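Below are the chains, spelled out letter by letter.
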Amino acid sequence: MTRTTAVRPPRSRGGRTAHPFLRYALRRVLTSLLLVVGVTLVTFVLTNLVPGDPVAAALGQRAAEDPAIVAQFRATYGLDQPLVVQYFTYLGNLLHGDLGVSTTTHNPVVDDLAKALPATLEIALGAIVLSVIIGVVLGTIAAYRRGKASDHVLRVVSLAGLSVPTFWLALVLYYVFYFQLHIAPGSGRLSSDFSTPPHVTGLYTVDALLAGQLDTFLDAASHLFLPVLVLTLYTVGLLTRFVRTAVLEILDQDYVRAARAKGLPTRTVIWSYVLRGASIPILTVVGLAFGSLLSGTVLVEAIFAWPGIGSYAYQAASHLDLPGIMGVGLLIGVMYLLVNLIVDLLYGVLDPRVRLAS
Amino acid sequence: MVFRSTHTARTVRSRSTLIALAAAAVSLTLLVAGCSSGRTDTADGGTKTLTIDKAFDLKTADPGRMYEPTGQLVDKALYETLLTFEGGDVSKVVDGLASLEQSADAKTFTLTLKGDHTFSDGTPMTADDVVFSLQRVIGLKGNPSFLLDGVTVTKKDDKTVVLTTATPTPALPAILANPALGILNSTVVKENGGTTDETDTAEKFLNTTSAGSGPYVLDTLDLASQVVLKANENYDGDAPGYGRVVIQNVEGATQKINVEGGSADLALDLSGTQASALGDSVAVTSDPSANVIFLLLNQNPSVSAVTSNPDFVKAVKEAIDYDDLVSIAGTGTAQAAGVVPSMLLGALPESAKLTQDLDAAKADLAKSGYAGESVTLNFPSDISLNGIDFPTIAQRIQSQLKEVGITVELAPAPVATELDAYRNGTETMGLWYWGPDYPDPSDYLVFTPGNVVGLRSGWAEGANPAISSLADAAAAGGSDEERQSRFEDLQKALNTDGPFIPLLQPGNNIAAAKSVTGVVYNAVWTIDIAALSAK
């Protein structure tokens, strides 16, 4: 009561009171939109700074020797225009949702990304959910048992999860679980004797269920197992260490000591006091980890033959496919901004001081 | 009262739980009962699926635009060509859809359709389809257009097409066997945006539906993940051994595990090391590939006064330990005797290959006046050719040349960025490879002064008249025996006086489940999928 009267919500010019959360959310959304424009500029400049000629990379060596073919290629992809014109054309097209046409696949980049994104989302979502559950539990246990054997074990395990190269881990786990133990399926999103479920979301598990194909659902889910496991092991390491630090800080707070002194059960203290207090820093690192999962799965996708954003980015980069590279750069930038925006908005939900201060 | 309300609440709660569980069980049962299957085996009438692992470089399935190894593999199954090769022998062209009559001057090629052929939709094939398909490749100005540079295509009658060229083109029969020149159903393609010029918009259609007469038809195509083929019910040849083929995009390391584990029947991109580590459950076919890895030394003095010195070039040729390079490259790899790979007409015999001679290398190095200057070796750092990494080869060359006193500075760069310097002829030393555009030795005339690869090594026209006249003689055509002899002479001269050092033909290793028969490596399309069958 005292708090709400102490920080009076600002009034709009019309005299009507704007909801503090809405004002906060609007400000964050506008900032994110400005950043998107910045991301396009940075992506465009960086892409064009790369030494090398996209014509040489895209055309076969014989075709690249024919001036007529080269001229046609440059005209088709707008490479014969000055860079400034190319950039503003790109921005103009972007407003219509057009990211250009890939010089590698000859498809609109939007279509390529729309196909690749659900594949990455499917493993990234699985990994982040598991990582948060496991990381929060392990990090809290480690903090509560600070200095004891279990704390040391968990710290070593989390450090190992962070340090082991994901490429190597993916290959080893694939060899063990698929080849040796026969408890995981082969690479790819589906076994070769299954056909792709009718496209609705692009998430095979969801689309299979929507189509009523239970066997396809089970097969798609089983193919998620190893990629999700590899990504989870890495992210759990990160989250465990971070949660431990955040919980340790909260444990020293007076209100937690008071709760314990009152004799509240440990479970209540953890849920209602400790984790609630640590939620903002945890949320921050979860957001960053999710962004990293969406953009940093190149090697894992390569091992598991997973046709996601990472694979697409690698293919675009190796062919100097400028529209493809720009598209991936923009998508990853936007995804980070989106995740940050969601995290910022959740700050406002979790902590009233944030939205009122803004 | 309190007791009663708690009791009631508990009862309601447990009843709700029971109801929820029962509902879930019923829903699951209904779901399972009402489920369709996503499996494909039954749809093919029990025909087996063949799964092939391949590291994709696929850009399109449209023959007029396709010119990548994965595209060749796919289009070979979907489209038939006028001429073809039998099995793995690419030194001899045989009849395909048509028979060939060639003029003595190699300028006129008359192709007559043999028998009656039908496309996958049942439409009969005519000379109009042939003319449209070849003219489309020329007019699209795509990657394979160069194959028919300077070729005029005309219809003689409903069964006959005549190809003419202004200059002798003895390579044309071998070129016509390329899947990029597969014959399309012109009516269907035209209905879907097909033309014989740059306005053509049929690629999208051809990436969803094939319009050929090959043993398979395209079921689905995803450039990033997999291509699915189904047997062509209207195919007029022998029915293929597998009713359904899935070609999936998988990297080499995973391919090895997949083929051993049984989720793939064939793995096409195994390195020599991976192939030799395979267990008994799979059969491995190892052959030298048609790619030739070579070293170039720039002959342009303004690029390098060191490498343009003929004695320095000789010293480098004598300093390299070729056997060592072959051994690190692994199973299937062979030393390239000349720039023309061993399976092609015109290849040099093994006895003519370059050999290491350290004493001669030191003597020639001294003669060149080399004073220990650092020489830069450029190479693509991200290319793995048949499992051989270029950085590994470059490092080994660096240490071998050090033995005779040559200092080499390695300059790796991603291929996309290094290609420019290579194509502009500004590299001092370069480590690259040449894959045949078509399996005929005339494709290797580019290694002569004033031609594409010659210019990349700073070897301008007129730089070596003797070699140029040997090249002219080789280009003129003639019988197979004459051509063999002329190309041998040319390559012997290149090995002695040229700026190129042929190093390796990396091994092409195909691992197949023991149930698969008919695996034969072909330098153009890797394997003929339709020739495979199950034991």
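Residues numbered from 1 in each chain as written. Chains lettered and ligands numbered in written order. Predicted model: local features only at pLDDT ≥ 70, side-chain atom pairs only at ≥ 80, totals over all residues. Heavy atoms only, no water.

If you check an unreviewed UniProt entry, chain B appears there as Peptide/nickel transport system substrate-binding protein from Herbiconiux ginsengi.

Chain A goes by Peptide/nickel transport system permease protein in an unreviewed UniProt entry, where it is assigned to Herbiconiux ginsengi. If you open the UniProt record of chain A and go to Sequence similarities (unreviewed entry), you find "Belongs to the binding-protein-dependent transport system permease family." Of chain A, the UniProt comment under Subcellular location (unreviewed entry) reads exactly: "Cell membrane". (UniProt positions renumbered as here; feature names shortened; annotations may be inferred.)

**Q** I'd like to hear about the packing of helix H9 (residues 310–319) of chain B against helix H11 (residues 358–368) of chain B, residue by residue, with values.
**A** Residues and elements named next belong to chain B. Between H9 and H11, whose axes approach to 8 Å, the crossing angle comes to 160°. On the basis of their axis angle, the class for H9 and H11 is roughly antiparallel. You can see that H9 and H11 cross each other, and the crossing is left-handed. Contacts between H9 and H11 involve Asp311, Phe312, Lys314, Ala315, Glu318 and Ala319 from the first element and Leu358, Ala360, Ala361, Asp364, Leu365, Lys367 and Ser368 from the second. (Axes fitted to C-alpha atoms, helices over the stretch in contact; angles between N-to-C directions. Helix = DSSP H or I, 4+ residues; strand = E, 2+ residues; numbered from the N terminus. Parallel < 35°, antiparallel > 145°, perpendicular 65-115°, else oblique. Left-handed = near helix turned anticlockwise from the far one by under 90°. Contact = heavy atoms within 4.5 Å.)

**Q** Provide a residue-level description of the side chain of B:Ser289, including the pertinent values.
**A** All names here are of chain B. Looking at the secondary structure, you find Ser289 in the loop between strand S12 (282–288) and strand S13 (292–297). For Ser289, a relative accessible area of 1% translates into the label buried. A distance of 3.5 Å separates the side chain of Ser289 from the side chain of Asn386, its partner in a polar contact. Those residues within four positions of Ser289 in sequence are excluded, and the remaining contacts are Met343, Asn386, Gln505, Pro506, Gly507, Asn508 and Tyr521. (Buried < 20%, exposed > 50% of the residue type's maximum accessible area, 1.4 Å probe, protein only. Polar contact = N/O pair within 3.5 Å; in protein donor to acceptor, adjacent residues only side chain to side chain.)

**Q** Give a detailed account of the domain arrangement of chain B, specifying residues and quantitative values.
**A** Residues and elements named next belong to chain B. What the domain assignment reports for chain B is domain 1 (49–286 + 509–534) and domain 2 (292–505). The distance between the C-alpha centroids of domain 1 and domain 2 comes to 31 Å. Together, the buried faces of domain 1 and domain 2 total about 1,400 Å²; carbon and sulfur atoms form 64% of this surface. Looking at the side of domain 1 facing domain 2, the largest losses of area belong to Val90, Ser91 and Pro170, adding up to 26% of the total buried there. Across the contact surface, domain 1 and domain 2 share 0 salt bridges. There are 3 residue pairs in polar contact (both at pLDDT 80 or more) connecting domain 1 and domain 2. Every element with two or more residues in the side of domain 1 that touches domain 2 is listed here: strand S3 (89–95), helix H4 (172–176) and helix H8 (272–276). Considering only residue class, the side of domain 1 that touches domain 2 consists of 14 nonpolar, 7 polar and no charged. (Domains from an automatic or database assignment. Buried area = accessible area lost by both parts, 1.4 Å probe. Salt bridge = Lys/Arg side-chain N within 4 Å of Asp/Glu carboxyl O. Nonpolar A, V, L, I, M, F, W, Y, C, P; charged D, E, K, R; others polar.)

**Q** Can you break down the environment of A:Thr103 residue by residue, with the values?
**A** All names here are of chain A. With respect to the helices and strands, Thr103 occurs in the loop between helix H5 (83–95) and helix H6 (109–144). Here Thr103 falls in the buried class, since its relative accessible area comes to 6%. Spatially, the C-alpha atoms of Thr103 and Leu345 are 38 Å apart, while their sequence positions differ by 242 residues. Ignoring anything within four residues of it in the chain, the contact list for Thr103 reads Ala58, Phe73, Tyr77, Leu320, Asp321 and Pro323.

**Q** An account of helix H13 (residues 415–423) of chain B is requested, with residue identities and associated values reported.
**A** Along H13(B), the residues classified as buried are B:Val415, B:Ala416, B:Thr417, B:Glu418, B:Leu419 and B:Tyr422. At the C-terminal side of H13(B), B:Gly425 shows a positive phi close to 70°.

**Q** I'd like a description of the UniProt feature "transmembrane region" (unreviewed entry) in chain A, backed by residues and values.
**A** Residue and element names in this part refer to chain A. UniProt tags residues 21–46, 123–144, 156–177, 224–243, 282–305 and 325–350 as "transmembrane region" (unreviewed entry). Helix makes up 100% of residues 21–46 and strand 0%, with an end-to-end C-alpha separation of 37 Å. Structurally, residues 224–243 is divided into 100% helix and 0% strand, and its ends, taken at the C-alpha atoms, are 26 Å apart.

**Q** Go over the interface of chain A and chain B, please, and point to the residues and values.
**A** Counting from both sides, the interface comprises 48 residues of chain A and, opposite them, 50 residues of chain B. Taking both sides of the interface into account, the surface hidden between chain A and chain B amounts to around 4,100 Å²; carbon and sulfur atoms contribute 52%. Broken down residue by residue, the surface that chain A buries against chain B is led by A:Gln61, A:Arg62 and A:Ser192, which jointly contribute 17%. If you look at where chain A meets chain B, you find 0 salt bridges. Between the two partners, chain A and chain B, sit 10 residue pairs in polar contact (both at pLDDT 80 or more). The set of elements that each furnish at least two residues to the side of chain A that touches chain B consists of helix H3 (54–58), helix H4 (67–76), helix H8 (166–180), helix H10 (214–251), helix H13 (298–303) and helix H14 (309–318) of chain A. Per element, the largest residue contribution to the side of chain A that touches chain B is 5 residues, and it comes from H8(A). The residue inventory of the side of chain A that touches chain B, partitioned by class, reads 24 nonpolar, 18 polar and 6 charged.

**Q** For the sheet that holds S13(B), give the residues involved together with the corresponding values.
**A** Residue and element names in this part refer to chain B. Pairing in this open sheet of 6 strands is mixed, and the strands run S14-S20-S13-S19-S15-S18 from one edge to the other. At either margin of the open sheet sits one strand with a lone partner, and together these are strand S14 (334–335) and strand S18 (407–413). The pairing of strand S15 (residues 374–380) with strand S19 (residues 429–434) spans 2 bridges and is parallel. The residue of S19 that forms the bridge with Leu377 is Met429. Docked against the sheet, helix H10 (residues 322–329) engages S14 and strand S20 (500–505), running at close to 35° with respect to S20. (Pairing = 2+ DSSP bridges.)

**Q** Tell me what's going on with the UniProt feature "domain: Solute-binding protein family" (unreviewed entry) in chain B, and back it up with residues and numbers.
**A** As annotated in UniProt, the feature "domain: Solute-binding protein family" (unreviewed entry) corresponds to residues 93–446 of chain B in the numbering used here. With 27% helix and 25% strand, residues 93–446 of chain B has its two end C-alpha atoms placed 22 Å apart.

**Q** Got a sec to walk through the sheet that holds strand S7 (residues 160–165) of chain B? Specific residues and values, please.
**A** Residues and elements named next belong to chain B. Strand order across the open sheet formed by 4 strands is S4-S5-S7-S6, with antiparallel pairing between neighbours. Of all the strands in the sheet, the pair left with one neighbour each is strand S4 (98–102) and strand S6 (151–157). Strand-to-strand twist of the sheet, defined as the mean angle between neighbouring strand axes without regard to direction, takes the value 20°. Pairing of S6 with S7, which is carried by 6 bridges, proceeds in the antiparallel orientation. Across the sheet, the residue bridging to Thr152 is Thr164, located in S7. Those strands touched by helix H3 (residues 127–140) are strand S5 (108–113), S6 and S7, and its axis lies near 170° from that of S6.

**Q** Describe the packing of H6(A) against helix H12 (residues 266–295) of chain A, with residues and values.
**A** Residue and element names in this part refer to chain A. Following both chains from N to C, one finds H6 and H12 inclined at 140°, their axes separated by 10 Å at the closest point. In terms of crossing hand, the pair formed by H6 and H12 is right-handed. Across from Thr120, Leu121, Ala124, Leu125, Ala127, Ile128, Val132, Val136, Thr140 and Tyr144 in H6, the residues of H12 making contact are Thr266, Val269, Ile270, Val274, Leu275, Ile282, Val286, Ala289, Phe290, Leu293 and Leu294. Residues belonging to the contact of H6 with H12 are distributed by class as follows: 18 nonpolar, 3 polar and no charged.

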